[in-house]
Amino acid sequence: ALAWQRDAAKAGAPLSREPLAGLKTRLADVVKRVEDLQHQVMVQREAAVLLAQRIEVQSTKSMAEAQAVQTALQADVDHWQAQAQALTQDAVWPSVDLKFPAQVESAQSQLQAVWQGFSAALQLGLQAVADASAALPSVPVWADEIRRARGELVAAEPAPVAADKPAKVAKPKLDAAQRQALREEATQSVVLVLDSVEKAAAEGQPAPDAAARLHDVLKTHGKHLDTAIDARVHEALLAAGDTEGWQRFVTDQRRLALVTQAEALLGPDKTPAVGGRKMQDSLRQLRDAWKQTDQGGLPNHGLWKRFDTACNEAYKTVQTWLENAKQETAAHKAQRVTLMDEVKAWTEALADNSDWRMQVRTLHQFSDRWRNAGHLNEKAFGEMQGQWKSLIRAAGARLDAAQKGSVERRQALIAEAKALGEAPGLRVDAVKALQLRWQTEAQSVPLDRKTEQKLWEVFRQPIDEAFQRKGNERSHAQAPLTAHDRAVIDASKALEAANAKGDAAAIRAAMTGLEAALRGQAEAVAQVTAPAAAPKAAQIAELAAEPAGEAQPVTATGTQPSTESNAEAASDAASESSRETSAESDASGAQTEAAAEVPAPAVVPPKPAKPVVAVRGDDRPGQKKTEPAAAGKPGRRDARPGERGADRGGDRFGRPERGERRDGRDERREDRGPRLGDEAFRAQREARERAEMALRKLAAQAHGETLTRLLSAWQDRQADAVPTQQELGKSVNAAARQAWSHAVAQPATAPANTALLRLEMAAEVPTPADLIGERRALQLQLLTRRNEAGPQETWARDVTAVLSGPHDAASARRLQNALKNLLRS
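Residues numbered from 1 in each chain as written. Predicted model: local features only at pLDDT ≥ 70, side-chain atom pairs only at ≥ 80, totals over all residues. Heavy atoms only, no water.

1. Here's the deal with the overall build of the protein chain
Summing up its helical and strand segments, the protein chain has 30 helices and zero strands in all. Scored against the burial criterion, the 825 residues of the protein chain give a buried share of 30%. Of the contacts made within the protein chain by residues no fewer than 6 positions apart, 65% connect residues no fewer than 24 positions apart. Carbon together with sulfur atoms contributes 53% to the accessible area of the protein chain, which is approximately 53600 Å² in total. (Helix = DSSP H or I, 4+ residues; strand = E, 2+ residues; numbered from the N terminus. Buried < 20%, exposed > 50% of the residue type's maximum accessible area, 1.4 Å probe, protein only. Contact = heavy atoms within 4.5 Å. Areas by Shrake-Rupley, 256 points an atom, 1.4 Å probe, with all protein chains shown as cover.)

See the structure below:
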């Protein structure tokens, strides 16, 4: 089922749609049931092992206890048999792995054999208790219990203590010939029984007697067998139904694996494969594993010698590492002791020092040096760490006291800041003085960065709130709009109306009017604003056109000044008032109703800009500062002929003079228009942003419509339906457009697959998956053609080739994706 899903996914089959989705779900359910059933088989196998152990444990207890639990054990065995039968009768049982049915059968036969043996021995024991002539059971505990009940057991007499212990007789050493004769004799004896066991296993007949005889022969001759016979014996016992096999062979395999691991700790050139610490841990783990393997098994002296030799050779690396670690520990300990003595001397030397920043820096350096002083064992480090903490605490006691006092003083400054912030009138001079005191305190006594940042945030919060409150109050008291602001707002409204219509020409015209309004050109504003604003714009233009000497602005009382000096004074006052109003209205909102009722001030034409004249900047006697600087005198770094920068203007290095732009225009003389108020500034900015967005949207729509018309003309083979050159854009010239029209008008030829690939390469758009190989091959061909034009240069001809071919949905989609990028470039 899993392979089917993988292959179907690779083939692109719609697995998320019916009927494949339903089939996939049903297969997933079946797979889950099979996995659950296999898990239950493993659980049943473990349960059979535990139940057999419970039955075997009863053979070590008295017959009365075994008889008492016989009924409960019988119920448990029957329940296990029922569960195993239910597993084999499950509908998905044929789908489980082949090893699980064999495991269930093996566990069932083993449990049945144990239970039958236990029941038979218990029945025989009960008969022996009832009949004195009956045979005793094979369970030693129960047989001894029956003998004691019959009175047959007699206390064993203590063996007489020998006066002199006989000396141990040393076993004679065997030579090579004798060892070879023993090995041949053992091999012949084992092979006779082994052949019968293998024959019975090959025929599929159980041979418990043959397996038992093989075990008996192995007890006598097993230690003289070679490796090949060991493997045959183990496999034969497993085939005969012995789940444990030959334990000596299994144990030797484990020992051989441990020997291999021990010999791998050192490389071919006796270089350690791991470090000292890891080598020590590895050796400890290997020796523990060898001890566990030796428990309950026959020893193997040959493997033990190999293992011990390999471990001893590897331990030499551990000894070298331990000696080096001991020397490093002594050096690290001496280094830490020297550092503690240095801290003591530093504390005594700076008993009266008040340079707190230097003390903080030095204490941090001490801490870093202690942290990087090297490794110590846990016991030595624990003893020295307590001494170090006490020394550092004594060295930083004065600094801690100073920081505590600084925190208290800063808390007092925070209280003063809250009082200033809650006051009805904000005193800026008091705030500045308070901030200066805070800065002085922060520079004198340093604190922890987090603590200092938290205190600073608490200190500045009431002051920031007070300034925010003052700004809000100022925004509510907004001054009336000037005539320039009204003109800009009217132009912004006209631009908003053009945006709502969705006409690109109207939007561009409105944007031009807004630019003119921003520069103070009232006549241009009158052409694009609403008719209601036309009289105002005309009045502004009329007043601006009058010369400064003939202007007669209307005052607040309705009278007109009679002299030129009064007009000039009024102009200066109006411009000064406009600058103050603009400076105070940065955070102001909309105009209030009260300000709307105030009549607009008269517009005064601006004064002509005073010409900038370069004068000398020195203080030589007799030199007038208003005299223009002479150019071209010998010995000066001005624009003399032949020097760098003389022909470009500026200094001798070609750099522009102050206030002069590199393109030759003077930034100070550039007309940027009067300064706007907050409301007018926001209105024109929002109108501009919306207009730019609308123009981009209209351009994208026009681009998509042009492509759609081109593809429709290709499909219908109508040359007159091809978009014009202006609609196609500046990237398509008249010759290319004419070639496209001619290709559409002609009958369809062969499809141009290569031209489509070139177009996709020129536009850098992806190619369909089934054509990626062709695109790579074409790229390799293009790399071999040096003087041939690339796809980016010939895409117009490639489009002509595609349009000459037949129309289909896939080619049209690929052409559209490519032209989306190519027509925009």
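2. A few points about the environment of V337
Topologically, V337 is positioned in helix α12 (residues 301-349). Given a relative accessible area of 35%, V337 falls into the partly exposed group. Taking C-alpha positions, V337 is 9.3 Å from W388, a pair spaced 51 residues apart along the chain.

3. Let's talk about the nonpolar core
If you look at the biggest cluster of nonpolar residues, it comprises 31 residues, and the most contacted ones within it are I55, W80, W93, F118 and W142. At the level of elements, α2 (20-58), α3 (63-68), α4 (70-88), α5 (99-130) and α6 (140-150) are the ones that each hand at least two residues to this core. Broken down by element, the residue count for this core peaks at ten residues, all from α5. In terms of nonpolar packing, the next biggest core, distinct from the first, is built from 29 residues, L710, W740, L756 and L822 among them. (Core = buried A, V, L, I, M, F, W, Y, C linked by side-chain atoms within 4.5 Å.)

4. A few points about the packing of α12 against helix α13 (residues 356-371)
Look at α12 against α13: their axes get within 10 Å of each other, and the N-to-C directions meet at 165 degrees. As the angle between them shows, α12 and α13 are arranged roughly antiparallel. Read as a crossing pair, α12 and α13 show a hand that is left-handed. Residue-level contacts link R336, L339, M340, E342, V343 and W346 of α12 to Q359, T362, L363, F366, R369 and W370 of α13. For the contact of α12 with α13, a count of residues per class yields seven nonpolar, two polar and three charged. (Axes fitted to C-alpha atoms, helices over the stretch in contact; angles between N-to-C directions. Parallel < 35°, antiparallel > 145°, perpendicular 65-115°, else oblique. Left-handed = near helix turned anticlockwise from the far one by under 90°. Nonpolar A, V, L, I, M, F, W, Y, C, P; charged D, E, K, R; others polar.)

5. Some words on the confidence of the model for the protein chain
Mean pLDDT over the protein chain: 75, with 70% of residues reaching 70 or higher. Of the regions scoring below 50 in pLDDT, residues 629-654 engages in 35 contacts with residues more than four places distant in sequence or in other chains. (pLDDT = per-residue confidence, 0-100.)

6. Section: the environment of E441
Tracing the backbone through its elements, the reader meets E441 in helix α16 (residues 428-444). Residue class for E441 comes out buried when judged on its relative accessible area of 12%. Taking the C-alpha atoms as reference points, E441 and S406, separated by 35 residues in sequence, lie 7.2 Å from one another. The contacts of E441, once residues within four sequence positions are left out, are S406, R409 and R410.

7. Digging into the packing of α5 against α6
In the contact formed by α5 and α6, the axes pass within 10 Å of each other and the chain directions differ by 5 degrees. In this view, α5 runs roughly parallel relative to α6, as classed from their interaxial angle. Residues F118, A121, L122, G125, A128 and V129 of α5 lie in contact with α6, whose contacting residues are W142, I146 and R150. In terms of residue class, the contact of α5 with α6 is built from seven nonpolar, one polar and one charged.

8. Structural notes on the packing of aromatic side chains
Enumeration according to the criterion identifies eleven aromatic pairs in this entry. Residues W290 and F307 carry aromatic rings whose centres are separated by 4.6 Å and whose planes lie at 15 degrees to one another, so their mutual orientation is stacked. With a gap of 17 residues between them, W290 in helix α11 (residues 276-294) and F307 in helix α12 connect regions that are remote in the sequence. Exposure class is identical for W290 and F307. Each is buried. (Phe/Tyr/Trp six-rings, centres within 6.5 Å; stacked < 30°, edge-to-face > 60°.)

9. A word on empty space enclosed by the protein
If you walk through the whole model with that rule in mind, you get three cavities of 30 Å³ or more. Space inside the second largest cavity adds up to approximately 50 Å³. Lining the second largest cavity are W714, P751, A752, L756, V802, G805, P806, D808 and S811. Of the residues contributing to the lining of the second largest cavity, the split by class is six nonpolar, two polar and one charged. (1 Å grid on protein atoms, 1.4 Å probe; cavity = no way out; pocket = protein on both sides within 12 Å on 5 of 7 lines; lining within 4 Å. Points joined across faces, edges and corners; volume = space filled by probe spheres on them.)

10. Quick look at the environment of Q44
Of note, Q44 is situated in helix α2. Since its relative accessible area comes to 11%, Q44 is described here as buried. Linking Q44 and Q108, residues 64 residues apart in sequence, is a C-alpha distance of 9.5 Å. Filtering out sequence-adjacent residues up to four positions away, Q44 remains in contact with W80, Q83, A84 and L87.

11. Side note on helix α18 (residues 483-501)
Side chains three or four residues apart in an α-helix point the same way, a direct result of the helix having 3.6 residues per turn. For α18, with 19 residues, the first-to-last C-alpha span of 27 Å sits near the 27 Å given by 1.5 Å per residue. Those residues of α18 not exposed but buried are A483, H484, D485, A487, V488, I489, A491, S492, A494, L495, A498 and N499. A positive backbone phi angle near 80 degrees is found at G502, which sits one or two residues after α18. (Expected span 1.5 Å × (residues − 1).)

12. Concerning unusual backbone geometry
The phi angle of most residues is negative, glycine excepted, and most peptide bonds adopt the trans form. The backbone of R717 sits at a positive phi, close to 55 degrees, despite the residue not being glycine. Secondary-structure assignment places R717 in the loop between α24 (678-716) and α25 (725-728). R717 sits in the partly exposed class, given a relative accessible area of 24%.

13. Observations regarding α4
The end-to-end C-alpha separation of α4 is 27 Å, in line with the 27 Å expected for 19 residues at 1.5 Å each. Inspection of α4 places L73, V77, W80, Q81, A84 and L87 among the buried residues, and these make up the whole buried set. The buried residues of α4 occupy an angular sector of 120 degrees when the element is viewed end-on, so they sit on one face. Tucked inside the fold, the buried residues of α4 contact α2 and α5. (Arc of directions from axis to C-beta.)

14. Details of the pattern of salt bridges
Here the structure, examined in full by the defined rule, presents 22 salt bridges. Note that R785 is salt-bridged to E788, the shortest N-O span being 3.4 Å. When its relative accessible area of 36% is taken as the criterion, R785 is described as partly exposed. Using a relative accessible area of 40% as the deciding quantity, one classes E788 as partly exposed. Ionic contacts of the salt-bridge type, sharing partners, join the residues E496, E686 and R690 into one network. (Salt bridge = Lys/Arg side-chain N within 4 Å of Asp/Glu carboxyl O.)

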